[in-house]
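Descriptive analysis of the structure
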Amino acid sequence: MISARHLTKKYGDHTALDNLTLDIQPGEIFCLLGQNGAGKTTTINCFLGFTQPSSGQAWIHGEDVVQAPVTTKKHLAYLPEVVMLYPNLSGIENLEYFSRLAGFRYERGELLAFLEAAGLNEQIGQRRLSTYSKGMRQKIGIAIAMAKKAKALFLDEPTSGLDPKASNDFSTLLKELAKEGVAVLMATHDIFRAREVATRIGIMREGKLVSVHQGDALTANELEKIYLETV
Amino acid sequence: MFLLQLQYEWKHLSRNGAAWLLLLFLGGAMVFGAYNGRQRAARQKQAVQALKTAQDEKFAALEAEADSIVKGLKKMEQWWLDPTNPLTVGLLRKGGGTLVIEPAPGQALAVGMSDLQPEAYAMLFGGGAARGSSDYDNPARLALGAFDLAFVIVYLLPLFVIALTYNLLSAEREQGTLTLLLSQPVQGRRIFVSKMLARFVVLSLMATLLFVPSAIWAGIGAGLTAQATGATLLYGFFWFLMALAVNMLQQNSAFNALACIGAWLLLVVVMPALVNMLAEKVHPVPSRAGYENALRTADIEFEKMKPAILDTFYDANPALERKPDDAKSPRDWWLEELYLLDIRKAHVADIKALYEDKSQSHADFARKLTVLSPALVLHDYLTGLAGTNRDAQLATQEVLESKAQTWLDWFAAKYAADAKLQAADYAAIRSMLEPVQPKQSEGSSNGLLWSVIYLTLMALPLILGRRRQMMAAI
Amino acid sequence: MKAIIIARQELRSIFRERRFQAAAAILSILFALSVFGAWDYYASNEKQHAEAARTARAHWDNQEDKNPHSAAHYGTFVFKPVYPLSFFDRGIDAFTGNTLFLEGHVMHEAKHRAVADRSELSRLGALTPAFVLGILFPLFIIVLGFGSIASERESGNLRILLAQGLRPADLFFGKTLGLGVVVLSLALPFLLLGGLGLAAPGAGAEDWQRYGLMSAGYLIYLGCFIHLTLIVSAFAQRANVALVALLGIWIAMCLISPKAVADFAAWSHPTPSWQAYQEALQYDLKNGVDGHDPSAEYSKKLEEETLKKHGVSTVDSLPFNWDGFIMQKGEEHETYVFQKHKDALLAIYQQQQNLLEASALLSPYLLVNLSSQRLAGTDVHTFHNFLAAAEKYRVALVGELNNDLMLNFKYGDWDGKRDKAFFASNKKFEYRGPAFREVWQISRPAMALLFGWYLLSGLLGLFVFQRIKPI
């Protein structure tokens, strides 16, 4: 469960995030839409503890992000826009490394199962990351999130630069994760993808969450229209 | 945590082709440096052996001849060829003893000044004369400097460390793994510290595994090797910290590479040249061109003082008759000369001191400036360790001169007593010709002190910049 | 024409870069410091050596009355000349003795190397103009040019350029020209400043000829690095890789190869040890004639011949003093032996140098270093030229004394003396160093190889650019 109450972040005179109040329940996928600089990434950074909020609170799984920066990270997983990972390590090794940092020690079979769940077979898992496409790297990122048994997942532009097939695979994966009770917050530019996976869609402008819509209540065209009118 | 990082750092490096290439390169340089050390040592051993053999043969022949003369089997008319005459055997041109200087044990580690150090010191009437193969070495090679292990460590090791560290953090950022790391439920500091430590442990292991066998093969000996390894690791650690500090500047990898190379260029290549220039400016050393002239001028003065000095000689030795110059026998003449020797030495001591003092203050100043660069601190330490620096050379020179004095006094006493050299005397002569062990200079703790200061300085940005680093990661 | 457009663009972008400004500032400061540091090197050494030469001659002129042969043993000192260009490139100056004692019978070694009065630190290099131009300047070229092609490829500009129909040769010439102008914009002022250092002590016309050639050598050398930088930059996929590769090349060429090749040459053409040299020398001397020892075969034969020629039976009835005659004969014979061994040593050095020149393919630095030293007069050849001239002078001076002994003294008269007037009339040592023609002759091979390096690297550059990959 991801929650924010009056979350605000100011850089001098500029307000990057303005009074955000938000709850994302387990199993819910919340998509943030908005132009560059609308505050999407700042929102994620506040939840991750990378940025100290100027005021307001953020909780992950009921714990305050500022109070407990280490424990909250036990419950969350994060997938940055560019997931290059370690090029000289194989997929399995990257997965194992991050899992162990998160405090999990898995057998090889279990690691393979996570890869399998993320849509990668054993053969690919043994290859070095330097040979992976972006879509495959994203899947390793998802596998890392799954292996961590995260309760909250943060995604920053995960589908940019993916081909339609990879993007579609990714959406499916995300929905399955949500089904298992993960709360997902995803910042994106991709209106079509957002409408497809999101339970709810929020549109941001100048640091404010301007409107929230049910994902299945709108068509992609309607959503685009609202978006263009908002920003 | 540390073990996990160690395991993964090893994976990263062992799968990095460039790292292996660098390792191969550094290893090749070390082996070549060690090979050069071996060659030098072998050549010097040979030269020393040749000097010893020649000397042994000479004294064996003299002793045999002296024996025949003592036993009355042979007659020798010319006193200047007489092997029972102490003056002939000990001090004159065809005679004289040669003190052979054993090579410094650590010279394969750091050649320092040892390539200019003579292999022997001839003790003659006119004073000591250096006998060194360096007289015949190609000066162009001497000028280019030695490719020894010290060169590999001081100049090339930092490049190895830099090449494998310059992007330690910037690559994490560029790969996007930094944010992923920071979103793990471990304190960022713990990850970084253990990651850095692990990287350094792997690097140290590689450097040690290359250096220790090379040093042993070069024939440096376990004790010296251990000390040199310690110094090498400290030096490597400095460069490691330097590279990390550059990483803290939050720039991209290309910037880091340029900055690290710039630091290396400044500290390792430019600073020594700059220090030498400064030392030359602040404490210029006069050309020795004037030296021999000054000695000759002093000699001319001395000639004028001679009659008065000889007055004291004959006063002190009433048994000796003072004759006019054309009535003097060679013995009369040499007895006077032997007496004058020490006084002449004292007379020219000021001139020697003048040049030596200038040279010493130049060297002292240059040494003070070594603190400007850890490369110079290490070079200073290694040459000291190897016993091939100026101090060691001067200490050895002191031993040689005191031995030469003993030698002179012994023969002068024998000659004054008009003794004939016999078998027992020859045994005594041999014992005075024992090879001289090179002197080690006093180990300075300066090197250690400055390493600590340098390391602390380099570690400061790590300690202070930690928080900012993590925040700026995103 | 298109090459000039490229060159202009390259210039504009380099001059605007902070990297250029920073690197040029640092390099200029270092060069200025090097000239400052070396400024009085020549003047002060020249003064000291000239002073020493005057004093030594005064000692000779004013020596006490003595027998000519005693005077030959009293001897005199001569000093290594200091050349005006030694401030620019010290070469081996500190590593050769600067004082040579000349006396009868023996050819001494030059004593007192400057390095012996300094600490081991002085072995790590001196900040001279040659150091800045030979070692640091190439690095400047690398830092400016490593991305010249690789960055254009990374940014996609290269594709656009080639799509505009630009010929690869134009690209190469343009980039060479652009970098060349940048290099000249710094190197020319440097060389002018160096020229000031040469003009200050009042150099002669030949020194300017030498300096001109040296400057040309350095410019060609820098040209080689421009080519190298462009070649590597064209090869590398990414600018990072180009930078690292070029740094590696620089380190190998400028730092490692001189030492490594010199050491390798020393092992493949070893110089003799002190004992070996002396033994060989003494052996040859023994088989000849010794002025003090008339029993040797050669002198016996000479004695017989001379006696026969003059129709007398003993040397004391000869019309001249036999001692003076036979000692000079001995001197002439010995100088031959001494010089023979010195020449053999020089030949070994030459073999080592040849190896250095042969490995020029490894590094143009070896070539520029060799030719620069030779032109500056701080090389082995110039030094041996001095030694040979001094030896010739020694034999001539001792010959004057022996001749006097032979003609003006009775046989067996070791007590007759000469006074100051006689000694002051003795030959003086006047040595100016090898003529420019001679210097040019020995520097020519290295210079030619350097120019060959320049041309070959240029051709290689053209070849690589023809096959340039736009992505």
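Residues numbered from 1 in each chain as written. Chains lettered and ligands numbered in written order. Predicted model: local features only at pLDDT ≥ 70, side-chain atom pairs only at ≥ 80, totals over all residues. Heavy atoms only, no water.

1. Re the overall build of chain B
The line we're drawing: For helices the rule is a DSSP run of H or I covering at least 4 residues; for strands it is a run of E covering at least 2, with both sets numbered from the N terminus onward. Exposure is judged per residue with a 1.4 Å probe applied to protein chains only, and the accessible area is read against the type maximum: over 50% gives exposed, under 20% gives buried, and values in between give partly exposed. Two residues form a contact once any of their heavy atoms are found within 4.5 Å. For the area figures, the Shrake-Rupley method with a 1.4 Å probe applies, and any residue is considered shielded solely by the protein chains shown. Charged-residue counts in this description rest on Lys and Arg as positive and Asp and Glu as negative, His and the chain ends being excluded. Lysine's charge is taken at NZ, arginine's at CZ, aspartate's at CG and glutamate's at CD.
The helix and strand tally for chain B stands at 17 helices and three strands. The C-alpha extent of chain B, read off along each of the three principal axes, is 105 × 45 × 35 Å. Buried residues in chain B amount to 54% of all 474 residues. Restricting the contact set of chain B to residue pairs at least 6 apart, pairs at least 24 apart contribute 79%. With an accessible surface of roughly 19900 Å², chain B has 62% of that area assigned to carbon and sulfur atoms. For chain B, the separation between the mean place of its 44 positive charges and that of its 43 negative charges on side chains is 12 Å.

2. Focus: the sheet that holds strand S1 (residues 2-11) of chain A
Residues and elements named next belong to chain A. Rule in force here: Pairs of strands are assigned from DSSP output, requiring at least two bridges between the strands.
In spatial order, the strands read S2-S1-S4-S5; together these four strands make up an open sheet with antiparallel pairing. Each edge of the open sheet carries a strand with a single partner, namely strand S2 (14-24) and strand S5 (63-64). In this sheet, S5 lies alongside strand S4 (residues 55-60) in antiparallel orientation, the contact comprising two bridges. If you follow Trp 59 over to S5, its bridge partner there is Asp 64.

3. What to know about the pattern of salt bridges
Close approach of charged atoms allows side chains of opposite charge to pair. Under the convention used in this document: Put simply, a salt bridge is a Lys or Arg side-chain nitrogen that is within 4 Å of an Asp or Glu carboxyl oxygen.
A full pass over the atoms with the stated rule returns 49 salt bridges over all chains. Note that B:Lys74 is salt-bridged to B:Glu65, the shortest N-O span being 2.8 Å. Classification of B:Lys74 as partly exposed rests on a relative accessible area of 37%. The partner of C:Glu357 in a salt bridge is C:Arg374, with the nearest N and O atoms 3.1 Å apart. Highlighted residues: C:Glu357 in helix H12 (residues 322-358) and C:Arg374 in helix H13 (residues 364-376), separated in sequence by 17 residues. We note that C:Glu357, like C:Arg374, is buried. Overlapping salt bridges, with partners in common, bring together B:Asp299, B:Glu303, B:Lys306, B:Glu337 and B:Arg344 in one network.

4. Considerations on the interface of chain A and chain B
Which entries qualify depends on this criterion: Accessible area, probed at 1.4 Å, shrinks when two parts are joined; the buried area is that loss added up over both. By the criterion applied in these results, polar contacts are pairs of N or O atoms within 3.5 Å in which, for protein atoms, one can donate a hydrogen and the other can accept it, and in which residues neighboring in sequence qualify only through two side-chain atoms.
Of the residues lining the interface, 31 residues belong to chain A; the matching set on chain B comes to 28 residues. Each partner contributes to the roughly 2600 Å² buried at the junction of chain A and chain B, and carbon and sulfur atoms together form 62% of this total. Of all residues in chain A, A:Phe50, A:Tyr97 and A:Leu101 give up the largest surface area on contact with chain B, accounting jointly for 26% of the area buried on that side. Put simply, chain A and chain B have two salt bridges between them. Residues B:Lys11 and A:Glu93 are paired through a salt bridge, measuring 3.3 Å at the closest nitrogen-oxygen approach. One can count 11 residue pairs in polar contact (both at pLDDT 80 or more) joining chain A with chain B.

5. Looking at the side chain of B:Thr84
Residue and element names in this part refer to chain B. Residue placement: Thr 84 occurs in the loop between helix H2 (17-70) and helix H3 (86-90). Classification of Thr 84 by relative accessible area gives buried; the value is 0%. In terms of polar contacts, Thr 84 uses its side chain to reach the side chain of Asp 82, at 2.9 Å. Contacts of Thr 84, omitting those with residues within four sequence positions, involve Ala 66, Ile 69, Val 70, Ala 419, Lys 420 and Leu 421.

6. What to know about the arrangement of the chains
Ranked by contact count, the leading pair among the two pairs of chains in contact consists of chains B and C. At the level of C-alpha atoms, the two units chain A and chain C stay apart, their nearest approach being 16 Å.

7. Topic: the pairing of strand S2 (residues 97-102) of chain C
All names here are of chain C. The buried count for S2 comes to five of six residues, which makes it a mostly enclosed element. Taken together, the two bridges between S2 and strand S3 (residues 111-113) define a ladder with antiparallel strand orientation. Within S3, the residue paired with Gly 97 across the bridge is Arg 113.

8. Looking at helix H10 (residues 274-286) of chain C
Which entries qualify depends on this criterion: In a helix, the anticipated span is given by 1.5 Å times the number of residues less one.
Relative to the 18 Å expected for 13 residues at 1.5 Å per residue, H10(C) spans 18 Å between its end C-alpha atoms, a close match to the ideal helical length. Within H10(C), burial applies to C:Trp274, C:Gln275, C:Tyr277, C:Gln278, C:Leu281, C:Asp284 and C:Leu285. Check the buried side of H10(C) and you find it contacts H2 and strand S3 (127-131) of chain B together with H12 of chain C.

9. What to know about the environment of B:Val89
Residue and element names in this part refer to chain B. Tracing the sequence through the fold places Val 89 in helix H3. Overall, the relative accessible area of 1% leaves Val 89 in the buried class. Placed 14 residues apart in sequence, Val 89 and Lys 75 show a C-alpha to C-alpha distance of 16 Å. The contact partners of Val 89, leaving out residues within four places of it in the chain, are Phe 59, Leu 62, Asp 82, Pro 83, Gly 95, Gly 96, Phe 411, Leu 421, Tyr 426 and Ile 429.

10. Focus: the interface of chain C and chain B
We count it as follows: For this classification, Asp, Glu, Lys and Arg are treated as charged, while Ala, Val, Leu, Ile, Met, Phe, Trp, Tyr, Cys and Pro are nonpolar and the rest, including Gly, are polar.
At the junction of the two partners, chain C supplies 77 residues and chain B supplies 78 residues. In total, about 7000 Å² of surface goes out of reach between chain C and chain B, with carbon and sulfur atoms giving 64% of it. In this structure, the connection of chain C to chain B is made through eight salt bridges. Notably, a salt bridge pairs C:Asp263 with B:Arg40, separated by 3.4 Å at the nearest N-O pair. Where chain C meets chain B, there are 34 residue pairs in polar contact (both at pLDDT 80 or more). The set of elements that each furnish at least two residues to the side of chain C that touches chain B consists of helix H2 (18-61), strand S1 (76-79), S2, S3, helix H4 (129-145), helix H9 (239-268), H10 and H12 of chain C. Here the side of chain C that touches chain B gets 14 residues from one element, more than from any other, and that element is H9(C). Looking at the side of chain C that touches chain B residue by residue, the classes come out as 41 nonpolar, 24 polar and 12 charged.

11. Here we look at a negative patch on the surface
All names here are of chain B. For clarity, the cut-off: Residues enter a patch when their relative accessible area is above 30% and they make no salt bridge; the linking distance is 9 Å between like charges and 5 Å between nonpolar side chains (Val, Leu, Ile, Met, Phe, Trp, Tyr).
On the surface, a cluster of negative charge is made up of Glu 356, Asp 357, Glu 398 and Glu 401. For the negative patch, the secondary-structure elements that each account for two or more residues are helix H12 (330-369) and helix H14 (390-416). Structurally, Asp 357 can be placed in helix H12.

12. Points about a nonpolar patch on the surface
Residues and elements named next belong to chain B. Side chains of Phe 2, Leu 3, Val 193, Leu 197 and Val 201 sit close together on the surface and give an oily, nonpolar patch of about 410 Å² of accessible area. Examining the composition of the nonpolar patch, we find that three residues originate from one element, helix H8 (residues 188-218), more than from any other. Note that Leu 197 resides in helix H8. The class of Leu 197 is partly exposed, set by a relative accessible area of 42%.

13. Remarks on the sheet that holds strand S7 (residues 152-156) of chain A
Residues and elements named next belong to chain A. Condition: In this analysis an axis means a line fitted to C-alpha atoms, helices contributing only their contacting stretch, and an angle means the value between N-to-C directions, from 0 to 180 degrees.
Strand order across the open sheet formed by six strands is S6-S7-S8-S3-S9-S10, with mixed pairing between neighbours. Because the sheet does not close on itself, it has two edges, and the strands there are strand S6 (76-79) and strand S10 (208-214). Here the strands of the sheet are splayed against their neighbours by 20° on average, with no regard to which way each runs. Both strand S3 (residues 29-33) and strand S8 (residues 183-187) contribute to a ladder of four bridges, which runs parallel. Paired with Phe 30 across the two strands is Leu 185, which belongs to S8. In the packing of helix H7 (residues 164-179) onto the sheet, contacts are made with S3, S6, S7 and S8, and the angle to S7 comes to roughly 160°.

14. Points about the nonpolar core
Applicable threshold: For the purposes of this section, nonpolar cores are sets of buried Ala, Val, Leu, Ile, Met, Phe, Trp, Tyr and Cys residues that join through side-chain atoms within 4.5 Å.
Formed by 206 residues in total, the largest nonpolar core has its most connected members in A:Phe154, B:Leu156, B:Trp239, B:Trp264, C:Leu136, C:Phe137 and C:Trp250. With 16 residues, the top contributor of residues to this core is helix H10 (residues 253-282) of chain B. When neighbours within four sequence positions are excluded, C:Trp250 is seen to be in contact with B:Trp264, B:Leu265, C:Ile135, C:Pro138, C:Leu139, C:Ile142, C:Phe225 and C:Leu255. Counting residues in hydrophobic clusters, the runner-up holds 60 residues, among them A:Tyr106, A:Leu218, B:Leu181 and B:Val186.

15. Re unusual backbone geometry
Backbone geometry at A:His6 places phi at a positive 50°, although glycine is not the residue there. Tracing the backbone through its elements, the reader meets A:His6 in strand S1.

16. Things to note about the confidence of the model for chain B
Here is the rule we go by: Confidence of the predictor in every single residue is expressed as pLDDT, which spans 0 to 100.
On average, chain B scores 87 in pLDDT, and the residues at 70 or more come to 95%. No element of chain B has a lower mean pLDDT than helix H17 (residues 466-472) of chain B, at 51, and none a higher one than helix H5 (residues 149-163) of chain B, at 93.

17. Focus on the state of the cysteines
Spelled out, the test is: Note on disulfides: each one is a pair of cysteine sulfur atoms within 2.5 Å.
With the rule as written, the count across this model stands at zero disulfides over all chains. Considering cysteine sulfurs only, C:Cys254 is the nearest to C:Cys224, which forms no disulfide, with 11 Å between them.

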